[in-house]
Amino acid sequence: MNESRKILVLVGSPRRTGNSAALATAVQRGAEEAGAAVSVRFIDDYITSFLRDCRACRLPNGECSIDDRFRSLFFEDFLPADGVVFCSPVYWYGLSAQVKAFFDRTFCYYAASYPDSATVIERMSRKRLALVLASEETYPGASLGIIHQIQEYARYTHSEFVGVVRGIGNSRNEVTRDPGDPIQAAEQLGRELFARCYSDYRLDTPRSGKVWPADER
C-alpha cells in the first residue's frame, strides 16, 4: 500500500466506548499496519444541526451559516481522504442520525449555489468506501437497507464500495464476544481497503472472463 494514502474512519455512534467505536479502532489498527495514515472522527464532535434550506440560510459569500464544525470535518478530513469507512450502529434498521446528517450536510458544498462546488464534486468522487455496522439483531435483513444506501452513494460518486463488516452486540464492547470475530474482520478490512478486488460490471463491460490472476508458479 502507498503510505501517502489517507483513510478517514467516521463513527456515527455517540458512545466512545461502544461497539461501533471498538470496530472503528480495529479498522484503524489494520489500516495503520498496512501503512495508511488514518484519522478517526466521531461525527457528533462536528455536527450539531441538520441540513437547512440553503436558499434561506447560505451566507452572502456562499458559505454555510450553520455554526458548528462540519466544514472542517468535510474539507480537512473527508475530501482529502482516499478511503472512507463509515462505522454506525443500526438504529431502526438504518444508519444513525449522525451519519445521515453527515451525508445530508455535504449538499451545502456540492450544490451549484456553493461557489466552488465543481471542485468539491471532483474531490468527493472516486474514493474507496466501506461500511462497518454494530447490530443487536443477527438476522441478515437488519442491515440490507443500510448496505443499499452506501452502495447507491458509492455509485453516485463513482466510488468503490469494497466491503461490509457487521458485529453483533448490544451491551458496550459486546462485539468482542461475537463468535463471527468482527474485530478481526474489521482489522482485515482496514488492512485491505485499497487492495481488495472491486468489480461492478455492466452488460457491455470489457472483461477477461477471469476474476483472479492466474497462478504463475
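This write-up is about the structure you can find in this document.

What follows concerns the pairing of strand β2 (residues 37–42). Pairing analysis gives six bridges linking strand β1 (residues 6–11) to β2, with the strands arranged parallel. Directly across from Ile7, in β2, lies its bridge partner Val38. At this point the chain moves from β1, through helix α1 (residues 19–33), to the parallel β2, and the crossover so formed is right-handed.

Attention now goes to the nonpolar core. In terms of nonpolar packing, the biggest core is built from 36 residues, with Leu10, Phe74, Phe78, Phe86, Phe102 and Tyr109 touching the most fellow members. If you list the elements that add at least two residues to this core, you get β1, α3 (70–78), β3 (83–89), α4 (97–105), α5 (107–110), α6 (117–124), β4 (128–135) and α7 (144–156). Here the element with the most residues in this core is α3; it accounts for five residues. With sequence-adjacent residues up to four places away left out, Phe102 is seen in contact with Leu10, Ile43, Ile47, Phe70, Leu73, Phe74, Phe78 and Phe86. Counting residues in each nonpolar core, the second largest holds 26 residues, with Leu23, Ala31, Ala36 and Val175 among its members.

Moving on to the packing of α3 against α6. Following both chains from N to C, one finds α3 and α6 inclined at 55°, their axes separated by 11 Å at the closest point. Classified by the angle between their axes, α3 and α6 sit oblique to one another. Here α3 runs over α6; the crossing is left-handed. Counting all contacts with α3, which are made through Phe74, Phe75 and Phe78, the residues of α6 involved are Val120, Arg123 and Met124. In the contact of α3 with α6, the residues fall into five nonpolar, no polar and one charged.

Evaluation of the coordinates by the stated rule reveals 16 salt bridges. Here Arg191 ties to Glu187 by a salt bridge, and the two come within 3.5 Å at their closest N and O atoms. Taken together, the residues Arg191 and Glu187, both in helix α8 (residues 182–192) and four residues apart, mark about one turn of the helix. A relative accessible area of 31% means that Arg191 is categorised as partly exposed.

Conventions and cut-offs
- As a convention, each chain's residues are numbered from 1 in the sequence order in which they are written.
- Selection of residues for local features in this predicted model requires a pLDDT of at least 70, selection of side-chain atom pairs for listing and counting requires 80 or more, and totals for whole chains, interfaces and linings are taken over all residues.
- As a rule here, side-chain values cover all heavy atoms of the structure and leave hydrogens and water aside.
- Paired strands, in this sense, are two strands between which DSSP finds at least two bridges.
- In DSSP terms, a helix is any run of H or I states spanning at least four residues, a strand is any run of E spanning at least two, and both are numbered starting from the N terminus.
- By definition, the crossover connecting two strands over a helix is right-handed if that path, from the first strand to the second, turns clockwise as seen with the strands pointing away from the viewer.
- Remark: nonpolar core denotes a set of buried residues (Ala, Val, Leu, Ile, Met, Phe, Trp, Tyr, Cys) joined through side-chain atoms within 4.5 Å.
- Throughout this description, buried means an accessible area under 20% of the type-specific maximum (1.4 Å probe, protein chains only), exposed means over 50%, and partly exposed covers the range between.
- Every residue pair with non-hydrogen atoms within 4.5 Å of one another is taken to be in contact.
- Every angle, taken between N-to-C directions, lies between 0 and 180 degrees, and every axis is a line fitted to C-alpha atoms, over only the stretch in contact when it is a helix.
- Orientation labels follow simple angle bins: below 35 degrees gives roughly parallel, above 145 gives roughly antiparallel, 65 to 115 gives roughly perpendicular, and whatever is left gives oblique.
- Note on convention: the crossing is left-handed when the near helix lies turned anticlockwise from the far helix by less than a right angle, right-handed when the turn is clockwise.
- In this count, Pro and Cys sit with the nonpolar residues alongside Ala, Val, Leu, Ile, Met, Phe, Trp and Tyr, while Asp, Glu, Lys and Arg are called charged and the others, Gly among them, polar.
- Any carboxyl oxygen of Asp or Glu within 4 Å of a side-chain nitrogen of Lys or Arg constitutes a salt bridge here.

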